[in-house]
Amino acid sequence: MDYESKVDKLLSDDNTYERLCKDPTEKYKKELSVILNDLKSCGAIDFALKERLFPTECDVPKIYGLPKVHKTGVPLRPIVSSIGSVSYNSSRFLADILSSVVGKTPHHIKDTKQFVDFVSDLNIAPDELIVSYDVTALFTSVPVDNVIEAIRVRLEEDTSWTTRIYLNAKQVLRLLKFCLNTTYFVFRGQFFKQKHGAAMGGPVSPTTCNLFMEQFESLALESAPHPPRVWLRYVDDTFVVIKREHFSEFTEHINSQSDHIKFTCETEADGQLPFLDTLVKRSEDGSLRVSVYRKPTHTDQYLNFDSHHPLEHKLSVIRTLFHRADFAVTERKKSRMCSPRSRIVDTSVGHFTKLANRKNKLITLLRRMLTPNAKLISTCHMSREPVRNFAVCFSSMGFLPPLDPSPRCERIW
């Protein structure tokens, strides 16, 4: 099945999408204009902010699919690009406001580092099970009315956001409801509207879904007959530690809380469980060890340094590998999977000849590589110019001292 056939199949789901007879952009512009004029007239926003939130020219949101190559049949993940759309600026404005009230629960995970720091101190009993739960299609499943109510409750409980703007909770919710209900897009000239949920790709969508899930999990855990000892959630992925005898009961419980929110689960296999980009391993003494997880479809291929990508993109690849090696690993091994710093990836990336464990080793390596007639250059099929660029990359990130561009240093750098 080709790409367009898969997108057509996604859009044929009448429970999620409906076809529109015409472009609703002008209609939504008028609605937004009324809202912003009302906010300005009561002094909630000034003229400059009104002009910033109201788009002078509007692009129609466009849908595309990201292939999930690690899944059977390579299904598509629908993404709606709303950049330049009628609600884009307002969504960004609301995302900034709501970001100050999200993540203030003991179950929230900000990133991989926070997760690793937490589980490193955990000890799992023999009668406990480690499980990961995943919400099926969270963004397109959340009921907008429930989302608005959950956010209303949070805005009333946590008033820290009021110091940043002059809007009250009712005005924020009015603008938010508009943004969540303008989930329309175009594909091959045909206009569609998403019936419920938040659009994948909308600036405010992750924050609103997070706030909804915070309320959902709070109610679900409080009402569970035997709640898990640990419940850590990153958006729609949750890491759980629960008694083996209560696992099935709890799974049925959380799947009965809403007609819209359903969970799939994966239990540990041979004492190991992938979660986010980590692989959590249970030791014999009950402690947990964490290493970097890569899906079976991972090919170890990254950006080639000689490719025509912006330098910042190439730098970000290096930063990511070093960051994962430093923060996503609690066990230090020499394997390719657990120690990205010591891996050799010269077949796919010219500037990743060797990610050394120590700064001085890296400096020595680069000096050898930049020395004329060095054997390492011919071995790795690298010219001196890409290697110099490699040194520039690491110097700009603080891994190396500043490079001296003078001719006398040509042999060293």
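What comes next is a walk through the structure.

The next subject is the overall build of the protein. A tally of regular secondary structure across the protein gives 14 helices and 12 strands. Buried residues in the protein amount to 49% of all 413 residues. Of the contacts made within the protein by residues no fewer than 6 positions apart, 69% connect residues no fewer than 24 positions apart. Carbon together with sulfur atoms contributes 52% to the accessible area of the protein, which is approximately 21,500 Å² in total.

On to the packing of helix H7 (residues 144-157) against helix H9 (residues 205-223). Following both chains from N to C, one finds H7 and H9 inclined at 80 degrees, their axes separated by 9 Å at the closest point. If you check the angle between H7 and H9, you find them roughly perpendicular. When H7 is examined against H9, the residues Asn-146, Val-147, Ala-150, Ile-151, Val-153 and Arg-154 are found in contact with a partner set consisting of Thr-208, Leu-211, Phe-212, Glu-214 and Gln-215. A breakdown of the residues in the contact of H7 with H9 according to their chemical character gives 6 nonpolar, 3 polar and 2 charged.

It is worth spelling out the environment of Asn-37 at this point. Mapped onto the secondary structure, Asn-37 falls in helix H2 (residues 25-41). The exposure class of Asn-37 is partly exposed, given its relative accessible area of 34%. Note: C-alpha distance between Asn-37 and Lys-50 (13 residues apart in sequence) is 7.7 Å.

Sheet strands line up and pair through hydrogen bonds in the backbone, either parallel or antiparallel. Pairing within the open sheet is antiparallel, and its 3 strands lie in the order S10-S11-S12. The sheet is open, and its two borders are formed by strand S10 (272-275) and strand S12 (288-292), each paired with just one other strand. Taken pair by pair, the neighbouring strands of this sheet meet at an average axis angle of 25 degrees, ignoring direction. Sheet analysis places S10 next to strand S11 (residues 278-282), joined by 4 bridges and oriented antiparallel. Across the sheet, the residue bridging to Phe-275 is Thr-278, located in S11. Set on the sheet, helix H5 (residues 112-119) makes contact with S10, S11 and S12; between it and S11 the angle comes to about 5 degrees.

If you check the backbone angles, Val-74 has positive phi at about 50 degrees while not being a glycine. For Arg-188, which is not glycine, the phi dihedral falls at a positive 55 degrees.

About the criteria used
Residues numbered from 1 in each chain as written. Predicted model: local features only at pLDDT ≥ 70, side-chain atom pairs only at ≥ 80, totals over all residues. Heavy atoms only, no water. Helix = DSSP H or I, 4+ residues; strand = E, 2+ residues; numbered from the N terminus. Buried < 20%, exposed > 50% of the residue type's maximum accessible area, 1.4 Å probe, protein only. Contact = heavy atoms within 4.5 Å. Areas by Shrake-Rupley, 256 points an atom, 1.4 Å probe, with all protein chains shown as cover. Axes fitted to C-alpha atoms, helices over the stretch in contact; angles between N-to-C directions. Parallel < 35°, antiparallel > 145°, perpendicular 65-115°, else oblique. Nonpolar A, V, L, I, M, F, W, Y, C, P; charged D, E, K, R; others polar. Pairing = 2+ DSSP bridges.

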